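The chain contents come next:
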Amino acid sequence: MQYRTLGRTGVQVSTLALGAMNFGALGRTTQEDATAIVDAALDAGINLIDTADMYSQGESEEIVGRAIASRRDDIVLATKAGMPMGDERNHRGSSRRWLVTELDNSLRRLGVDHVDLYQIHRWDPTTSDEETLSALTDLQRAGKIRYFGSSTFPAHRIVQAEWAAREHHLSRYVTEQPSYSILQRGIETHVLPVTEQYGLGVLAWSPLASGWLSGAVRAGQEITTSRSAILPERFDLGIPANQARMNAVEQLAKVADDAGLTMIQLALGFVTAHRAVTSAIIGPRTIDHLCSQLAAADTVLPGDVLDAIDAIVAPGVDLAAHEKFDTPPALLDPALRRR
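Residues numbered from 1 in each chain as written. Predicted model: local features only at pLDDT ≥ 70, side-chain atom pairs only at ≥ 80, totals over all residues. Heavy atoms only, no water.

This part is about the environment of Val100. Structurally, Val100 is set in helix H3 (residues 96–110). For Val100, a relative accessible area of 31% gives the class partly exposed. Here the alpha-carbon distance between Val100 and Ala135, two residues 35 residues apart in the chain, equals 7.3 Å. (Helix = DSSP H or I, 4+ residues; strand = E, 2+ residues; numbered from the N terminus. Buried < 20%, exposed > 50% of the residue type's maximum accessible area, 1.4 Å probe, protein only.)

Written out as structure tokens, the structure reads:
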């Protein structure tokens, strides 16, 4: 396992991080299986675990809490808040009122007295940066969180938050958690240059592109991944973006074979090769999934392989831009760009 410094914090984290989104009802990973996954991941050298309050509506945090109960000091523990937690209109977002309440809920579910990294799950356009950063700074000073970060923020919002922290003498975000994979490279044009400029750590989610790069999705074969059952429209080959992905996957499979790598090694090695990326978040549902992903822990892609990837999916290109969560709303809704 390799380790890198998490932004400007001085904290050392593994280049593969364990994501817990599948723990609980969403991924159907039971407590027993999740505990086995956590133990195996820690034994392999992973020391960063990432979850969120909304993963299975709190169940993931509860499962993680039980799984790490005897090993808390060995772990850099991260969670997130901001996505809806029920129908109540104020049980979401990044207001002081909600963050103070929901952090206590997360600490209770996790069974800990603090988290190492508390992340705002999505940019909240209804709340000012000053309001959010002030609440997070106070929670940090109270010892309930060590650091805080953003997740899937557009580049201009990362810059705005940095400005607001300096203007109001508040603590700053130290990490950003964006979606990044061979098939979704758009953040290379805007987000990653900004994180480098401001010294933010980057924790990349969906490095296997929702299973497209797992090796289980190939032309001429029925697509039966768990994600395809949940989001079938993302795998419908009648949609041009999905056919473009399949064409890229077939070419990437040949690159991987020629290099003596699995598709998972190629995909994870690509993400961690970018100098702005700190860790790639893997989200195994089973111990077998974890083992196949741990095989990429020490993968370092040579220059000719990275060049071959660039020739298939050009730098800065998203093959499915409509699936990105950081696209400015006016690009998706014509009414927002018309007078």
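Read around the barrel, eight strands follow the order S3-S4-S5-S6-S7-S8-S9-S10 and close on themselves; strand pairing throughout is parallel. On average, adjacent strands in this sheet sit at an angle of 30 degrees to one another, irrespective of strand direction. Where strand S4 (residues 48–50) lies against strand S5 (residues 76–81), three bridges are found, and the strand directions are parallel. Bridging across to S5, Ile49 finds its partner in Leu77. Sheet strands in contact with H3 are S5, strand S6 (115–120) and strand S7 (145–151), and its direction is about 135 degrees off that of S6. Relative to strand S10 (residues 279–282), helix H9 (residues 263–273) is tilted by about 145 degrees, and along the sheet it contacts strand S3 (16–19), strand S9 (201–204) and S10. (Pairing = 2+ DSSP bridges. Axes fitted to C-alpha atoms, helices over the stretch in contact; angles between N-to-C directions. Contact = heavy atoms within 4.5 Å.)

Per the counting criterion, the structure on display carries 17 salt bridges. A salt bridge links Asp104 to Lys144, with the shortest nitrogen-to-oxygen separation between them at 2.8 Å. Of this pair, Asp104 sits in helix H3 while Lys144 sits in the loop between helix H4 (129–141) and S7, and the two are 40 residues apart along the sequence. Residue Asp104 is classed as partly exposed on the basis of its relative accessible area of 34%. Lys144 sits in the partly exposed class, given a relative accessible area of 25%. Salt bridges here are not isolated pairs; linked through shared partners, they connect Asp39, Asp43 and Arg71. (Salt bridge = Lys/Arg side-chain N within 4 Å of Asp/Glu carboxyl O.)

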